[in-house]
Amino acid sequence: MDWHQVVIRPLVTEKGTRTSATLNAYPFQVHPEANKIEIKLAVERIYKVKVRQVRTANVRGKPRRTRFKRGLTSHWKKAVIVLDPEHHIDLF
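Residues numbered from 1 in each chain as written. Predicted model: local features only at pLDDT ≥ 70, side-chain atom pairs only at ≥ 80, totals over all residues. Heavy atoms only, no water.

1. Here we look at the overall build of the protein chain
Stated formally: Comment: elements are numbered from the N terminus, with helices defined as DSSP H or I runs of at least four residues and strands as E runs of at least two. Computed with a 1.4 Å probe, the accessible areas rest on the Shrake-Rupley method; for each residue, only the protein chains presented here act as cover. Charge counting follows a simple rule: Lys and Arg are positive, Asp and Glu are negative, and His as well as the terminal groups are ignored. Charge positions come from single atoms, namely NZ of Lys, CZ of Arg, CG of Asp or CD of Glu.
When you go through the protein chain residue by residue, the secondary structure sums to three helices and six strands. Counting from the amino terminus, the protein chain carries its helices and strands in the arrangement α-β-α-β-α-β-β-β-β. Projecting the C-alpha coordinates of the protein chain onto the three principal axes gives extents of approximately 55 × 30 × 20 Å. For the protein chain, the exposed surface amounts to about 6800 Å²; the carbon and sulfur share of it is 51%. Here the protein chain carries 19 positive and 8 negative side-chain charges, and the mean point of each set is 14 Å from the other.

Here it is in C-alpha cells:
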C-alpha cells in the first residue's frame, strides 16, 4: 500500500485539537486494512516526524434513516499518533 493510501485524512475536532496541544497526540482516519507499523511509517514519511506510539480503533457506522429506509454510515478506522516531544504537526 502507498503511504498516501494508508493515511486518509487528519481528524480536526475539538478533542483532537486538545490532545494535540496537551499530549502531542494527533488523530487520523486510516485505511481499514492498515496495521500499526504501516501507519507509523506512513506518518513519519509524509509529515517528516518521529512517531513514538500508535493507537488504533475500528469505528462502527452509525444507524441513519432516510424517509422509509434504514441504513448505516460506513465503518472506518481511527489511529491516534503520539509523537516525540521535539516534533509536532502544523495541521491543528
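Back to the write-up after that little detour.
2. Structural notes on helix α3 (residues 36–47)
Rules: Expected span of a helix: the number of residues minus one, times 1.5 Å. Between buried and exposed lies partly exposed: a residue is buried under 20% and exposed over 50% of the maximum accessible area for its type, with that area taken using a 1.4 Å probe on protein chains only. Should any heavy atoms of two residues lie within 4.5 Å, those residues are considered in contact.
Counted at 1.5 Å a residue, the expected span for α3 with its twelve residues is 16 Å, and the 16 Å between its end C-alpha atoms agrees. Here α3 has its buried residues at Ile-39, Ala-42, Val-43 and Glu-44. Buried residues in α3 make contact with α1 (3–6), β1 (7–10), β2 (25–30), β3 (51–59) and β6 (76–83). A positive phi of about 55° marks Lys-48, the residue just after α3.

3. Some details on the pattern of salt bridges
Note the threshold: Within this document, salt bridges are pairs made up of a side-chain nitrogen of Lys or Arg and a carboxyl oxygen of Asp or Glu, the two lying within 4 Å of each other.
On inspection of all chains with the given rule, the structure shows one salt bridge. Residue Asp-84 pairs with Arg-52 through a salt bridge whose shortest N-O separation is 3.5 Å. Here Arg-52 lies in strand β3 and Asp-84 lies in the segment after β6, a separation of 32 residues in the sequence.

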